[in-house]
Amino acid sequence: MTSAEHSPLTRKLSAFVALSEVELAVLERLHERRRSFVAGRDMVHQGQSAQAAYILSSGWVCSYKLQADGTRQIVDFQVPGDFLGLRSVLLRTSDHSFEPIVDIEAAEVLASDLIDAFARTPRLATAILWAASRDEAMVVEHLVGIGRRDADARMAHFLLELGSRLALVGIGSREGFDCPLTQYHLADTLGLSAVHVNRVLRQLRESGLVTFRDGRVTFHDYGGLVELAEFDPEYLDQTGPLLK
């Protein structure tokens, strides 16, 4: 893993606040407990208590809830620079599970670490609150997508959001991004069947908008995809630091 100064989390938080040397030092301490996790094995289980939060340094994770009938709803995907389980640490019990999609590296953060960091650096605490608020804004967009957007617009919006999130931490652009998700991941996220996901991706590809193939999302007509999805990235709030 890289040092905190060059970490994905630092890049992400820098969209909100220009971090000082003291704040960077506190972030460095939050990265001290570095761990690796293998794909397909839950890091945190739904209903688990007294667990740590994690800062994702590399790889992708999905957060999901299991229903009584065994079906799964993916709530979101975490990419480098994201916190995992921050809310669950503060609320004591996790209301959903976290599963690495690929092998990942993450820093373990205890509740006591967070409380100490917040006490030492209020501006950093505000930046982490900004990140949590941004995550909440994304959940709102996902609810709107499942409830009101048709399948093509839902998929387009989701891919555009992922591209914007990855661009913020330096691993995506308007040309595209590497993506380890399967069509089953997309189905469990967007409320579609795997067959419907395949059909939608084919329609978007044949329309010359975007291709998702062999672990790579390639934007062919970024503006056209934005128009189809009615994608307004303002809710991601990543145009530049508000706090200097």
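For the protein chain, the name recorded in an unreviewed UniProt entry is Crp/Fnr family transcriptional regulator, with Arenibacterium halophilum as its organism.

A. A look at the overall build of the protein chain. Looking only at helices and strands, the protein chain features nine helices and 10 strands. Its C-alpha atoms give the protein chain a radius of gyration of 18 Å, within 12% of the compact-globule value 18 Å for 244 residues. Overall size of the protein chain, expressed as C-alpha extent along the three principal axes, is 55 × 45 × 30 Å. Looking at the protein chain residue by residue over its 244 residues, the buried ones come to 50%.

B. Main features of the environment of Met 43. Checked against the element boundaries, Met 43 lands in the loop between β1 (33-37) and β2 (53-58). Residue Met 43 is classed as buried on the basis of its relative accessible area of 8%. Placed 41 residues apart in sequence, Met 43 and Leu 84 show a C-alpha to C-alpha distance of 9.5 Å. Excluding anything up to four places from it in sequence, Met 43 contacts Phe 37, Gln 48, Tyr 54, Val 61, Leu 84, Phe 98, Pro 100 and Ile 104.

C. Structural context of a positive patch on the surface. The grouping of Arg 199, Arg 202, Arg 205 and Arg 213 at the surface amounts to a positive patch. Among the elements that line the positive patch, the one with the most residues is helix α8 (residues 194-206), at three residues.

D. Focus on the pattern of salt bridges. Counted by the stated rule, this structure contains 12 salt bridges. A salt bridge links Arg 123 to Glu 23, with the shortest nitrogen-to-oxygen separation between them at 2.8 Å. With Arg 123 in helix α5 (residues 122-148) and Glu 23 in helix α2 (residues 21-30), the pair connects residues that are 100 residues apart, well separated along the chain. Note that Asp 188 and Arg 72 form a salt bridge whose closest N and O atoms lie 3.1 Å from each other. With Asp 188 in helix α7 (residues 183-190) and Arg 72 in strand β4 (residues 72-78), the pair connects residues that are 116 residues apart, well separated along the chain. A relative accessible area of 23% places Asp 188 in the partly exposed class.

E. Region of interest: the UniProt feature "domain: HTH crp-type" (unreviewed entry) in the protein chain. Taken from the UniProt record, the annotation "domain: HTH crp-type" (unreviewed entry) applies to residues 149-223. Secondary structure content for residues 149-223 is 55% helix and 15% strand, and the end C-alpha separation is 18 Å.

F. Region of the structure containing α2. For α2, every residue scored as buried is listed here: Glu 23, Leu 24, Val 26, Leu 27 and Leu 30. Seen from one end, α2 has its buried residues packed into an arc of 160°, which puts them on one side. Away from its buried face by more than 90 degrees, α2 exposes Glu 21 and Val 22. Where α2 is buried, its residues contact α1 (8-13), β2, β7 (104-109), α4 (111-120) and α5.

Parameters and conventions
- Position numbers for residues count from 1 along each chain, tracking the sequence in the order it is written.
- pLDDT decides what is reported in this predicted model: residues at 70 or higher carry local features, side-chain atom pairs at 80 or more are listed and counted, and totals for whole chains, interfaces and linings draw on all residues regardless.
- For side-chain calculations, the full set of non-hydrogen atoms in the structure is used, while hydrogens and water are omitted.
- Only DSSP runs of H or I reaching four residues or more are called helices, and only runs of E reaching two or more are called strands; each is numbered from the N terminus.
- Here the globule rule reads 2.2 Å times residues to the power 0.38, and the radius of gyration is calculated from C-alpha atoms.
- Relative accessibility decides the category of a residue: with a 1.4 Å probe and only protein chains considered, values under 20% of the type maximum give buried, values over 50% give exposed, and everything between is partly exposed.
- Contacts between residues were defined by any pair of non-hydrogen atoms, one from each residue, lying within 4.5 Å.
- Only residues above 30% relative accessible area that lack a salt bridge enter a patch, with like-charged residues linked at up to 9 Å and the nonpolar side chains Val, Leu, Ile, Met, Phe, Trp and Tyr linked at up to 5 Å.
- Every accessible area reported is derived by Shrake-Rupley at a probe size of 1.4 Å, with residue values counting cover from the shown protein chains alone.
- Definition used for salt bridges: Asp or Glu carboxyl oxygen within 4 Å of a side-chain nitrogen of Lys or Arg.
- Neither His nor the chain termini are counted; the positive set is Lys and Arg, and the negative set is Asp and Glu.
- In plain terms, the charge of a residue is placed at NZ if it is Lys, CZ if Arg, CG if Asp and CD if Glu.
- UniProt positions are given in the numbering used here, feature names are shortened, and annotations may be inferred rather than shown by experiment.
- Taken from the helix axis, the directions to the C-beta atoms give the arc we talk about.

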